[in-house]
Amino acid sequence: MNGKEILFLSCLATFVLLVVLEESDSAAVGTKKAAGEEDKESVKKKIFIQDSDASNFFKKRGKRATKSRDELNAETRQMLIADEQRREYFDEQRNEFENFVKEEHKEQQERSREQIEQWRQYHYDGLYPSYMYNRHHI
């Protein structure tokens, strides 16, 4: 907040200084009022472009002309957005596939556990523990 206040006050002081200096220059010229107005008109003509030039300003540039900084920035932004969307899409696809694989693995484990349990029940001979390698052969 303090930095913003300092920036605002410095801009305000600069503006006031420019206004005061502009008025003092115009007061010093005084006798050449008409010449000053003509100078202002010439400055306006230099700043604002003609209608014919303005219509051509936004037309497409030549194929070999270099791109402006704004065009490059816009293209870079579009590429970054496309990359981000692509990354999000593939992350979502990968997550869905991982979830699918986990579910399949759980189902397979459940089926194999049930089969093992059925086999143990079928082959149980009443002795503890009920594993094949612990059976006593007569």
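Here, every reference points to the structure presented above.
Let me begin by describing the structure that accompanies this report.

## Examining the overall build of the protein chain
Check the secondary structure of the protein chain and you find four helices and zero strands. For the protein chain, the succession of helices and strands along the chain, N to C, is α-α-α-α. For the protein chain, with 138 residues in total, the buried portion stands at 0%. For the protein chain, the computed accessible surface area is about 13,900 Å², with 57% contributed by carbon and sulfur atoms.

## Section: the packing of aromatic side chains
Here the structure, examined in full by the defined rule, presents one aromatic pair. Ring centres 5.3 Å apart and planes at 70 degrees place the aromatic pair Tyr-89 and Phe-90 in the edge-to-face group.

## Points about the pattern of salt bridges
On inspection of all chains with the given rule, the structure shows six salt bridges. For Glu-75, the salt bridge is made with Lys-67, and the minimal N-O distance between the two is 2.9 Å. Salt-bridge contacts for Glu-110 lead to Arg-113; the nearest nitrogen and oxygen are separated by 2.8 Å. Residue Glu-110 and its partner Arg-113 are both found in helix α4 (residues 69-123); the two are separated by three residues, about one turn of the helix. Here Arg-113 falls in the partly exposed class, since its relative accessible area comes to 45%. Bridged by salt links that share partners, the residues Asp-91, Arg-94 and Glu-98 form one connected network.

## Here's the deal with a nonpolar patch on the surface
The grouping of Phe-8, Leu-9, Leu-12, Phe-15, Val-16, Val-19 and Val-20 at the surface amounts to a nonpolar patch, some 660 Å² of accessible area in total. As for its position among the elements, Val-19 is in helix α1 (residues 2-29). Relative accessible area serves as the criterion here: at 31%, Val-19 is assigned to the partly exposed category.

What counts and how
- Residues numbered from 1 in each chain as written.
- Predicted model: local features only at pLDDT ≥ 70, side-chain atom pairs only at ≥ 80, totals over all residues.
- Heavy atoms only, no water.
- Helix = DSSP H or I, 4+ residues; strand = E, 2+ residues; numbered from the N terminus.
- Buried < 20%, exposed > 50% of the residue type's maximum accessible area, 1.4 Å probe, protein only.
- Areas by Shrake-Rupley, 256 points an atom, 1.4 Å probe, with all protein chains shown as cover.
- Phe/Tyr/Trp six-rings, centres within 6.5 Å; stacked < 30°, edge-to-face > 60°.
- Salt bridge = Lys/Arg side-chain N within 4 Å of Asp/Glu carboxyl O.
- Patch = residues over 30% accessible without salt bridge, like charges linked within 9 Å, V, L, I, M, F, W, Y side chains within 5 Å.

Keep in mind that these numbers describe shape and distance, not what the molecule does.
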